[in-house]
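Commentary on secondary and tertiary structure
Here is how the chains run, residue by residue.
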Amino acid sequence: MFLKKWHRKRTKLLMLAGAGFILGSGLACFNQHVSADDVPQTINIGPTTYAVSYGLGYREVNRGPHNVDVLREAGSNEYIFCIQWAKNSPSNMQLQRKWDADPRVQWLITNFFSGNRYRSLGMGDEADYWLYQVAVHIIASPNDRQSDGSRPADALPRFRADIRQKAQDLVDEANRHNSQNDSQVVLNSASTSFNPGEISVGRDDIRDGQYKKNFSFNTQNVSNAHVWLEGAPGGVSLSGKDGAGVNFNDVWNGTALQVNIPLSARATDNEYSFKVKANGTWNKQVRVAVIYGNSNNSVQNVAKNQIKAIDVADSAYSEMNVKVYPAKGELQFDKRGTGNDGKTVLGRTVFRLTGDGGYTAEQSSNGDTGHVYFGNIPLGQKYHIQEITQPNPLYKPDFQADINDFTGSNPKFSVTLGNNGVIFNQRKYFNIHAKKTDANDGPIEGAQFVAIRKVDLGSDKLTLDVARQKALRLVDGHLVSGHSEQEPYIGTTDKNGTVWFKSIEYLSKTSANDPNEIDIVEIKAPEGYSLAKDAVKVLATLNSPDDLTVTIKDDTTPLPSTGSNRLVSVVGVGSVLILIAAGSLVYLRRKQG
């Protein structure tokens, strides 16, 4: 049964390459390479002792339509198929590997060994071997002739009708499998996978100043597995669990992995996601048919069922979605002034919070409580907070601080500033509210006063001129010392007997309890009233009320003249001396007369 050239033209099938692989399906595979020694180079044929035919529906030995030699491999006793009708069958010899079988022949042989045969006579393996051998002869050497001139298909009319139909079905089906990949039987599948298939990362995953989340990577029939990140923000990395080293171009099955995300990565987002992806080389195993023969072609070539290993690169793709919910921090405190024993609420104070990663936000303190709250603060940044607007004119916006609590190896989620949650502004100014009343506590309108800082008076004797000279001046809305080139600030009582000295500069002392002393001096009394006998001393400390109140009572007999109390004393004493002198002179003259 010498195999001549096929005269029947084969139709070439154009295969459209798919976009990817469906592993284990037997579809077209690309980037394949075959290991050099995965298929045996020689096989040994056992003794061929008989031929059989089942063409008539029963077993006939060495006779019957299309009887074929039964070939088996020595040792394994596995069936071997002849592919040349015009030559003698090999027996008790070693054959060498020649080439891969025609895809149609390959399909017949792999289907025979598949355990799910396309057609069967139902009389055991030998009967089905004969049936498939008939189809192999018709496919592989359709025009070969034996010595009697018969071709492989010439015996079909002599088969029992149902058996003839089964043989024809095999031939027809084999002709449909005319590509190598379509005719191979894939024996294994490949996969890479992540466990779990999706992970969520948030505040509970912060360790050592990073988000760290563990997962495992698994493979099946894959080598050189490659794992990588896609779409991750800068600074995100993969490692082994607890930072162990891993070769991410050859990750082993069951490896525990870890994703590491800086706190600062897209920290202003409420959520974002990226992928961890993997693929590898599929260590594919397929059942194929390989052609063997002797070197001088004196006997038939045979087709042997074999297992072939094929490495398919860039296979077994998988991915894991990583959802990140960046943790946020909060900052809060109450804003107060030191006045009124620290109870002055500094409402509507504006603060600006800036981070070294570009974050900026402004918040105002609550008008009633002075509470300040910054929420949704991105972690992973160093911050600076600054008071930028202070609506209370007695206090300056001078608070600022660096905040490093939202970053580092152990970041905080909630930070409270100050002493027991209170940030105090030291007072810069204070007010004095003076009231002049008569003996019946009625208001006196039109009295004029100046305010003098005690330290400015020094050892000078207080007179009207000195009072005016040392009095506080109004400069840029504040009552301050010095500025003698300006007129003194003079306050005049209104119809309610009230006069205000507003925004008196508070001079910081070495001790918070060392007060500023201000003397309120009346420099002019309205007609019908006398000047106050003494200056009224007012003491202001950091913790005293922002508005200090004093009452100046006029309970003396009114004098027609006005002037300072000390000047009134001098005038009074002079008048008494004049009266005494005049009386003495009258007395002496009367005595002499």
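If you're wondering where the values come from, they're calculated on a predicted model, not measured in any experiment.

In this section: the packing of aromatic side chains. For the structure on display, the rule yields 18 aromatic pairs. Ring centres of Tyr79 and Tyr129 lie 4.5 Å apart, and the angle between their planes is 20°; on these two criteria the pair is classed as stacked. Note that Tyr79 is positioned in strand E7 (residues 79-82) and Tyr129 in helix H2 (residues 125-140), a separation of 50 residues in sequence. Under the relative-accessibility criterion, Tyr129 is labelled buried at 0%. Each ring, one from Phe81 and one from Tyr129, has its centre 4.8 Å from the other, and the planes form 50°; the classification is tilted. Residue Phe81 is located in strand E7, and its partner Tyr129 is located in helix H2; the two are separated by 48 residues in the primary sequence. Comparing Phe81 with Tyr129 shows no difference in burial state: the two are buried.

A regular strand carries its side chains on alternate faces of the sheet. Along strand E10 (residues 191-195), the buried face is formed by Thr192 and Phe194; none of Ser191, Ser193 and Asn195, which line the opposite face, is buried. Where E10 and strand E13 (residues 210-220) come together, five bridges link them in antiparallel fashion. By the bridge assignment for E13, Ser193 is matched with Asn218.

Counting buried positions over the nine residues of strand E28 (residues 429-437) gives eight, a clear majority of the element. Two elements, E28 and strand E33 (residues 498-505), share six bridges in a ladder whose sense is antiparallel. In the strand pairing of E33, Phe430 is matched with Ile504. In the sheet, E28 pairs with strand E36 (residues 547-553) via seven bridges, with the strands oriented parallel.

Moving on, we get to helix H1 (residues 103-112). Of all the 10 residues making up H1, 10 are buried; the element is thus mostly covered by neighbouring parts of the structure. Buried within H1 are the following residues: Pro103, Arg104, Val105, Gln106, Trp107, Leu108, Ile109, Thr110, Asn111 and Phe112. One side-chain oxygen of the residue at the start of H1 lies 2.8 Å from the amide nitrogen of Arg104, identifying that residue as Asp102.

Cut-offs applied
- Residues numbered from 1 in each chain as written.
- Predicted model: local features only at pLDDT ≥ 70, side-chain atom pairs only at ≥ 80, totals over all residues.
- Heavy atoms only, no water.
- Phe/Tyr/Trp six-rings, centres within 6.5 Å; stacked < 30°, edge-to-face > 60°.
- Helix = DSSP H or I, 4+ residues; strand = E, 2+ residues; numbered from the N terminus.
- Buried < 20%, exposed > 50% of the residue type's maximum accessible area, 1.4 Å probe, protein only.
- Pairing = 2+ DSSP bridges.
- Polar contact = N/O pair within 3.5 Å; in protein donor to acceptor, adjacent residues only side chain to side chain.

Just distances and angles here, no functional claims.
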